[in-house]
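# Structural overview
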Amino acid sequence: MLKAKELTTYARLLVQLGVNLQPGQNLAIRASTDAAPLVHKLVEVAYESGAPHVLVDWSDDEINRIRLRMAPEETLAFVPEGKVEDFIRMIEGGAAVISILTPKPELLKDVETSRIATVTKAMGKAMKKYQELAQGGEISWTIGVVPTAEWANVVFPELGEEAALAKLWESIKLATRLDHGDPLAYWQAYANRLEERTAWLNDQQFTRLQYRGPGTELTVELPKNHRWLGGGLKNRQGVYFLPNIPTEEVFTAPVRNGVNGRVRNSKPLVYHGQVIDGFTLTFENGRVVQAEAETGNASLQALLQMDAGAAHLGEVALVPHDSVLSKLGVVFRNTLFDENASCHFALGAAYPFCIEDGVTMSKEERAGNGLNESVIHVDFMVGTAELDIDAVTVEGRVVPLFRNGNWV
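Below is a short write-up of the structure. Bear in mind the structure is a predicted one, so any value in this text is a computation, not a measurement.

Turning our eyes to something else, we now look at the packing of helix H1 (residues 4-18) against helix H2 (residues 36-48). Put simply, H1 and H2 touch, their axes get as near as 9 Å, and they point 55 degrees apart. Taken together, H1 and H2 sit at an angle that is classed as oblique. Handedness of the crossing formed by H1 with H2: right-handed. In this structure, H1 uses Ala4, Leu7, Thr8, Tyr10, Ala11, Arg12, Leu14, Val15 and Gln16 to contact H2, whose residues at the interface are Pro37, Leu38, Lys41, Leu42, Val45, Ala46 and Glu48. Class assignment of the residues belonging to the contact of H1 with H2 gives a composition of 11 nonpolar, two polar and three charged.

Listed below in structure tokens is the structure:
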């Protein structure tokens, strides 16, 4: 566990830079009961920062697991309307949102994939408005994490439970720079450097990216007037916030039907408590036409069948292999950390702000500009020390972007 002072620093990082909570702004926190110590600090810091009201939307991982295993099949699609409506109403009123993850990579390994898919799809539909507000840049949001013994045992299986948990906390402290004298200043400066990279990429307006690596030979078209982003974002009020801490990526959206070839994952994907690993996806005209995983194949198939957009890409993200997260040498088996140690893609929804004026477009206009829509947005890692990426200009000139996993 972090020391009390470090826990307070983490809470301040998430509240004051993560969502950049403004005086008079409400805060909604979504968290498991396992994260209670950090949540208590978040609430305290939020009120200190001038929040009139803090709503905590608690969940319990074990209760959720029991329901998934034992509830009647016909009840799994039920989502309590009142609870969702209260949350949506609050964020529509301008509240910021902090989600605290308590990963347990094998929590649902004994649950039928079809039952997980039913609950996931139902919750995705119920929370569609939140997804639209967050992905459209309407609200400030960020993600934090609290390690669990179950997670630590998976990441460091060679250690005893107590030692594994301590080492995982230490790894998270290093990843989030809580060991730095001023983590808020560090991340602000680092985000500024990422934004310099995105400015250059946006000036280039490349037409496509070409990937080559172990098991990967993929071409990804980029929309006209696409926008690369990285570091921080601004919400509809112009307030700067940092959605992910840590963050090492620059990202944009691909053309929905413009992805062709095959790509191999480089790190395990943990999706709703089930591990998916050793998989290759083959794309034709943007859609996955062949997929096979050595581990968790049923979960992969269910993910790809979630809706019409689930088998298309919604995000392409570039992360150097020598990033700070990668240098830690830890496979976290958690997307928040692993995606910032590796180039990655996301299956599912694209962020509207990844094209010029995308947030003001209708769904039909976004689709016409090549953006994908889905109830899911699931990142999977593909970066390795052998990955090469080229970009192609409008004139057809090939520009090397990555060699041996890093920026040229």
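Back to the write-up after that little detour.
According to the stated counting rule, one finds 21 salt bridges in the structure shown. The salt bridge partner of Glu138 is Arg236, with a shortest N-O separation of 3.3 Å. Of the two residues, Glu138 is situated in the loop between helix H6 (128-135) and strand S4 (141-145) and Arg236 in the loop between strand S8 (233-234) and strand S9 (240-241); the sequence distance between them amounts to 98 residues. Overall, the relative accessible area of 25% leaves Glu138 in the partly exposed class. Here Arg236 falls in the partly exposed class, since its relative accessible area comes to 41%.

Bringing helix H9 (residues 183-204) into the picture now. Between its terminal C-alpha atoms H9 stretches 32 Å, which fits the 32 Å expected from 22 residues at 1.5 Å a residue. Every buried residue of H9 is accounted for by Pro183, Tyr186, Trp187, Tyr190, Ala191, Leu194, Thr198 and Leu201. On an axial view of H9, the arc spanned by its buried residues comes to 120 degrees, and they lie on one face. The exposed set on the far side of H9, more than 90 degrees from its buried face, consists of Glu196 and Asp203. Where H9 terminates, the next one or two residues include Gln205, which has phi positive at roughly 50 degrees.

Conventions adopted
Residues numbered from 1 in each chain as written. Predicted model: local features only at pLDDT ≥ 70, side-chain atom pairs only at ≥ 80, totals over all residues. Heavy atoms only, no water. Axes fitted to C-alpha atoms, helices over the stretch in contact; angles between N-to-C directions. Helix = DSSP H or I, 4+ residues; strand = E, 2+ residues; numbered from the N terminus. Parallel < 35°, antiparallel > 145°, perpendicular 65-115°, else oblique. Left-handed = near helix turned anticlockwise from the far one by under 90°. Contact = heavy atoms within 4.5 Å. Nonpolar A, V, L, I, M, F, W, Y, C, P; charged D, E, K, R; others polar. Salt bridge = Lys/Arg side-chain N within 4 Å of Asp/Glu carboxyl O. Buried < 20%, exposed > 50% of the residue type's maximum accessible area, 1.4 Å probe, protein only. Expected span 1.5 Å × (residues − 1). Arc of directions from axis to C-beta.

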